[in-house]
Amino acid sequence: MKITKRTAACELGEITLFTVTNASGASVELSSLGAGIVKVCVPGKDGKIENVALSYANPADYLADGPCLGKVPGRYANRIAKGCLCVDGECHKLAINNGPNALHGGPTGFMNRLWDAEEIADGIRFTYRSADGEEGYPGNLTAVAEYHWSDDDVLTLRLSATTDKATVVNLTNHAYFNLDGADAGSVLSHMMKINASRFLPTDDTQIPTGELAPVAGTPMDFLEFKEIGKDIKADFHPLKVGKGYDHCWVNDGWEKGKMIDEIVTLVAPSSGRVLTVGSTQPGVQIYTGNWLAGCPANESGRSYEDYDGVAIEMQGFPDAPNHPEFPSQQLRPGEEYRQTIRFAFSVK
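Residues numbered from 1 in each chain as written. Predicted model: local features only at pLDDT ≥ 70, side-chain atom pairs only at ≥ 80, totals over all residues. Heavy atoms only, no water.

Asks: Which parts of the structure should I look at to understand the packing of aromatic side chains?
Replies: Centre distance and the angle of the planes are the two values used to describe a pair of aromatic rings. Taken as a whole and assessed by the stated rule, the structure comprises 13 aromatic pairs. A ring pair is formed by phenylalanine 110 and tryptophan 115, whose centres lie 6.1 Å apart and whose planes are at 80°; its orientation type is edge-to-face. For the pair phenylalanine 110 and tryptophan 115, one class covers both residues: buried. With a centroid separation of 5.4 Å and an interplanar angle of 75°, the aromatic rings of phenylalanine 222 and tyrosine 245 are classed as edge-to-face. (Phe/Tyr/Trp six-rings, centres within 6.5 Å; stacked < 30°, edge-to-face > 60°. Buried < 20%, exposed > 50% of the residue type's maximum accessible area, 1.4 Å probe, protein only.)

Written out as structure tokens, the structure reads:
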């Protein structure tokens, strides 16, 4: 595995970007800003290698961007209702940055921090140390995002964390994919399958109601392959709230610590590229880039438009700290948070 690096400046300091290239020439580019995925360059059915992860031209533009493009949000990915977090009877007020709610750990969450970085044999290990009280969260937390790239075009992300005080943690990756190429336009013609027979309905601020609703008979049903755009404009309340898909599905067959290899499968009929995403996480938030317009410029010199990419975010359930019936995202001293996400690229 060949690893090269470059640097770029931003207002936080120096960003280090690493390119990890396998034996066939396929590669990933990773950034110390937000422990992010910048590019994933893989072949299509014609053999042409192209970047399939949405990316900005300027590495500094990833700082405080609205879409959280490619990065690891935290300390708690997704939403916590009204920024209200109670751990062991002690309540903490989190930063409000998404309507009335806290999103992705706050405006200066993990995605907007420079992580320490070190090369490993087949990838990069990023480490971030979050201080007790940062963005309102209790406990000194050490988070690690370790990326491994293989010769068969599989990107594995191992996420871990430890704390010195009871806290909560929910980590994921927020890359957006377009398997026809990062600047190819809409992904609504991509075919998608989600091995999840239930989803989490939400209120109008996108906080789960606590119900685990069946997808059967609704536009949320992706148990069989379906065009992403087929039902996206349906007269269905959840889709109207999010202006498209921005919801958490409940992964069928999930058990704590169990790796499920095929949770989401994404296919681009035009290029023949296939992405299969697996994880140990209980849920997957599918976000169809409903608010991408106006983001920083990509390498074509333009902003992405809405629906130009789809984020497949393997994670714990949103607002789980306020729903004791959901899988717990609490972490205590002496414990280790460990989750794995696997992005496998192939050609059909």
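After that view of the structure, there is still more to cover.
Asks: Please clarify how the nonpolar core should be interpreted in this entry.
Replies: Looking at soluble globular proteins, one finds that nonpolar side chains tend to be buried together. The biggest cluster of nonpolar side chains holds 65 residues, and the ones touching the most others in it are Val40, Phe177, Trp249, Val264, Ile286 and Phe345. At 5 residues, the largest contribution of residues to this core is made by strand β12 (residues 141-149). Setting aside residues no more than four positions away along its own chain, isoleucine 286 makes contact with Met192, Ile194, Tyr245, Asp246, His247, Trp249, Val264, Val310, Ala311 and Ile312. (Core = buried A, V, L, I, M, F, W, Y, C linked by side-chain atoms within 4.5 Å. Helix = DSSP H or I, 4+ residues; strand = E, 2+ residues; numbered from the N terminus. Contact = heavy atoms within 4.5 Å.)

Asks: Looking at this structure, I do not really get the pairing of strand β24 (residues 310-315). What am I missing?
Replies: Side chains on a regular strand alternate between the two faces of the sheet. Buried residues dominate β24, accounting for 6 of its 6 residues. Where strand β15 (residues 176-177) meets β24, 2 bridges bridge the pair, whose relative direction is antiparallel. Counterpart to tyrosine 176 in the pairing with β24 is alanine 311. Here strand β23 (residues 283-287) runs beside β24; their pairing, made up of 5 bridges, is antiparallel. Residue pairing for β24: valine 284 is matched across the bridge by methionine 314. (Pairing = 2+ DSSP bridges.)

Asks: Before we go on, may I ask you to explain the sheet that holds strand β17 (residues 198-199) in this structure?
Replies: The strands making up a sheet associate through backbone hydrogen bonding, with each pair oriented either parallel or antiparallel. With antiparallel pairing, the 6 strands of this open sheet are ordered in space as β15-β24-β23-β20-β17-β18. The sheet terminates laterally at β15 and β18 (213-214), the two strands that pair on one side only. Bridge count between β17 and β18: 2 bridges; the pairing is antiparallel. Residue pairing across strands places phenylalanine 199 opposite alanine 213, the latter belonging to β18.

Asks: Please clarify how the pattern of salt bridges should be interpreted in this entry.
Replies: Where charged atoms from two side chains of opposite charge approach closely, those side chains can pair. Considering all chains together, one arrives at 17 salt bridges under this definition. Put simply, arginine 125 and glutamate 118 hold a salt bridge, and the shortest N to O gap is 3.2 Å. Judged by relative accessible area, arginine 125 falls into the partly exposed class, the value being 25%. A salt bridge links aspartate 306 to lysine 243; the nearest nitrogen and oxygen atoms lie 2.8 Å apart. Of this pair, aspartate 306 sits in the loop between β23 and β24 while lysine 243 sits in the loop between α1 (237-242) and β20 (246-250), placing them 63 residues apart in sequence. We classify lysine 243 as partly exposed; its relative accessible area is 29%. Shared partners join several salt bridges into a network, and the residues in it are Lys48, Glu50 and Arg273. (Salt bridge = Lys/Arg side-chain N within 4 Å of Asp/Glu carboxyl O.)

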